Amino acid sequence: MSPRTDTPPAATAVRRFGRAQRWVHRTTAALTGLCVLTAACLYVPQLAQLVGRRGLVVTVHEWSGLLLPVPVLAGLASRAFRVDLGRLNRFGPHDRTWLRAALRRDKRPSSRPAGKFNAGQKLYAAWIAGATLVMLGTGLLMWFTHLTPLVWRTSVTFVHDWLALTLGIVLAGHIGMALADPEARRGMRTGSVRREWAEREHPLWRP
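Keep in mind it's a predicted model, so treat the numbers as computed, not measured. (Residues numbered from 1 in each chain as written. Predicted model: local features only at pLDDT ≥ 70, side-chain atom pairs only at ≥ 80, totals over all residues. Heavy atoms only, no water.)

Novice: I'm lost on the pattern of salt bridges in this one. Help?
Specialist: For side chains of opposite charge, pairing can occur when their charged atoms come near one another. Tallied over the full model, the rule gives 8 salt bridges. The shortest N-O distance in the salt bridge between R200 and E201 comes to 3.2 Å. Under the relative-accessibility criterion, R200 is labelled partly exposed at 40%. On the accessibility criterion, E201 (32% relative accessible area) is partly exposed. Each of the salt bridges in this network shares a partner with another, and the network as a whole consists of D84, R87 and K116. (Salt bridge = Lys/Arg side-chain N within 4 Å of Asp/Glu carboxyl O. Buried < 20%, exposed > 50% of the residue type's maximum accessible area, 1.4 Å probe, protein only.)

Novice: It is not clear to me how the packing of helix α7 (residues 119–143) against helix α8 (residues 150–179) should be interpreted in this structure. Could you clarify?
Specialist: Geometrically, a packed helix pair is captured by the angle between its two axes and the distance between the axes. Relative to each other, α7 and α8 sit at 150 degrees, their axes nearing to 10 Å. As far as their axial angle goes, α8 and α7 are roughly antiparallel. Taken as a pair, α7 and α8 cross one another with a handedness that is left-handed. Taking contact as the criterion, the partners of Y124, W127, I128, A131, V134, M135, T138, G139, L141 and M142 in α7 are, on α8, V156, T157, V159, H160, L163, A164, T166, L167, V170, L171 and H174. In terms of residue class, the contact of α7 with α8 is made up of 15 nonpolar, 6 polar and no charged. (Axes fitted to C-alpha atoms, helices over the stretch in contact; angles between N-to-C directions. Helix = DSSP H or I, 4+ residues; strand = E, 2+ residues; numbered from the N terminus. Parallel < 35°, antiparallel > 145°, perpendicular 65-115°, else oblique. Left-handed = near helix turned anticlockwise from the far one by under 90°. Contact = heavy atoms within 4.5 Å. Nonpolar A, V, L, I, M, F, W, Y, C, P; charged D, E, K, R; others polar.)

Novice: Teacher, can you tell me more about the nonpolar core here?
Specialist: A general feature of soluble globular proteins is that nonpolar side chains tend to end up buried together. Listed in full, the 6 residues of the largest apolar core are I128, A131, M135, L163, L167 and L171. Listing elements by their share of this core, those giving two or more residues are α7 and α8. The residues touching L167, leaving out its near neighbours within four places in the chain, are W127, I128 and A131. (Core = buried A, V, L, I, M, F, W, Y, C linked by side-chain atoms within 4.5 Å.)

Novice: I tried to follow a nonpolar patch on the surface on my own but got confused; where do I start?
Specialist: On the surface, V134, F158, V159, W162, L165 and I169 cluster together into a nonpolar patch covering about 620 Å² of accessible area. The biggest single contributor to the nonpolar patch is α8, with 5 residues. Looking at where F158 falls in the secondary structure, it is placed in helix α8. (Patch = residues over 30% accessible without salt bridge, like charges linked within 9 Å, V, L, I, M, F, W, Y side chains within 5 Å. Areas by Shrake-Rupley, 256 points an atom, 1.4 Å probe, with all protein chains shown as cover.)

Novice: Looking at this structure, I do not really get unusual backbone geometry. What am I missing?
Specialist: For R105, which is not a glycine, the phi torsion comes out positive at approximately 60 degrees. With respect to the helices, strands and loops of the structure, R105 is situated in the loop between α6 (93–103) and α7. Looking at R105, the relative accessible area reads 72%, which means it is exposed.

Laid out in structure tokens, this is it:
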């Protein structure tokens, strides 16, 4: 059987993600996509008419949102996943250099030093984690309406809806960047990337 063409040769391959990291990413992506899709069916009249069965859509939306933190919590059993979380949560001087270059739209690899994760990926991970917790909290208050007075529910609904819109825009940007970098997608899909890409895009990373 011939090897897959999207897998780098062993001599030039660098292991980037293990099975646990890829499983967490895929499962979280699937649950997030389900949340976004069902939310669109609830708030866009054309989609609501097309899909129908609003009660079922609401139930799927609620449970997919409730399960959203589960993949990350399960991934904590993996040491490799915990190490990557530590890397995402640690900012250094090189990250400030990367951000300044990004603000100047300087795309030269030499001006954007990065470890295993660059500063943009760290900021995205921190933002998405915080947004998920806020969405989960506000969603629970909207689900159990008897827990709070009407004025609280109105405020919670406002925060939930507008944060959901912002989340959709940020996710679209994340997907767009992933589509523009096939090697990064290959790393998340197969676990390995080409050594030349790793040295160019993440020069401070020592696999």
